[in-house]
Amino acid sequence: MEGPQALSLFFKIMSVRIILDEMLPELMKESSLELIELNIPAEHRIEIFVDGEDNVSIEQCAALMRELRGRTGEALDPYQITISSPGLDKPLRHPLQFKKALNKSIEVLMNSGEKHRGVLVNYNEEFLKLHLFLGSKSKSSSKPPLGETTLDLPLTEIKKVLKIIFFS
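Conventions adopted
Residues numbered from 1 in each chain as written. Predicted model: local features only at pLDDT ≥ 70, side-chain atom pairs only at ≥ 80, totals over all residues. Heavy atoms only, no water. Phe/Tyr/Trp six-rings, centres within 6.5 Å; stacked < 30°, edge-to-face > 60°. Helix = DSSP H or I, 4+ residues; strand = E, 2+ residues; numbered from the N terminus. Buried < 20%, exposed > 50% of the residue type's maximum accessible area, 1.4 Å probe, protein only.

This next bit is on the packing of aromatic side chains. Within this structure, the stated rule accounts for two aromatic pairs. Look at F98 and Y123: their rings are 4.6 Å apart centre to centre, the planes differ by 10°, and that puts the pair in the stacked class. On the criterion of sequence distance, the pair formed by F98 in helix 3 (residues 95-100) and Y123 in strand 5 (residues 115-123) is long-range, its members being 25 residues apart. The same class applies to F98 as to Y123, namely buried. Their ring planes at 85° and their centres at 5.6 Å tell us that F133 and F166 sit as a pair that is edge-to-face. Here F133, found in strand 6 (residues 127-133), pairs with F166, found in the segment after strand 8 (158-163); they are 33 residues apart in sequence, far enough to count as distant. Of the two residues, F133 and F166, neither departs from the other in class, the shared state being buried.

This is the structure we're talking about:
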């Protein structure tokens, strides 16, 4: 798509983005949830990922959807809106997600391409502290034992952080 059509689509998406950027912070505050991510991946789709201190329920997502639709009137009628908590396949991005991941297994992909697997033992605005698994490079389905090594990983050097679920 080029020319006037592409420009028209760009302005539609930007106006929806402005509406959501103004409305969502207030809705998040009222619902005691945190906005993790907002995506508009296609012309008529909106994805909103939220999280909270506790696990997010379907009822909370539905209530948030009703409130959002009620406050925006017809502006978002043409859009398919999905509101959910981030799944296991979504990277950790928000401080709340890191807080909830403390003492849990994660995999960290560095900007250099290096991977580290272990238990998140500390998080702040600058670093993740990871207690590494023995043989942390393997992709075993059962949880490996923890080794002696801990690493402080600067957030500026981290490309992606994912939760790991082990099955025994």
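Having seen the model, we can carry on.
Within the secondary structure layout, A62 lies in helix 2 (residues 58-72). Taking the C-alpha atoms as reference points, A62 and I83, separated by 21 residues in sequence, lie 7.7 Å from one another.

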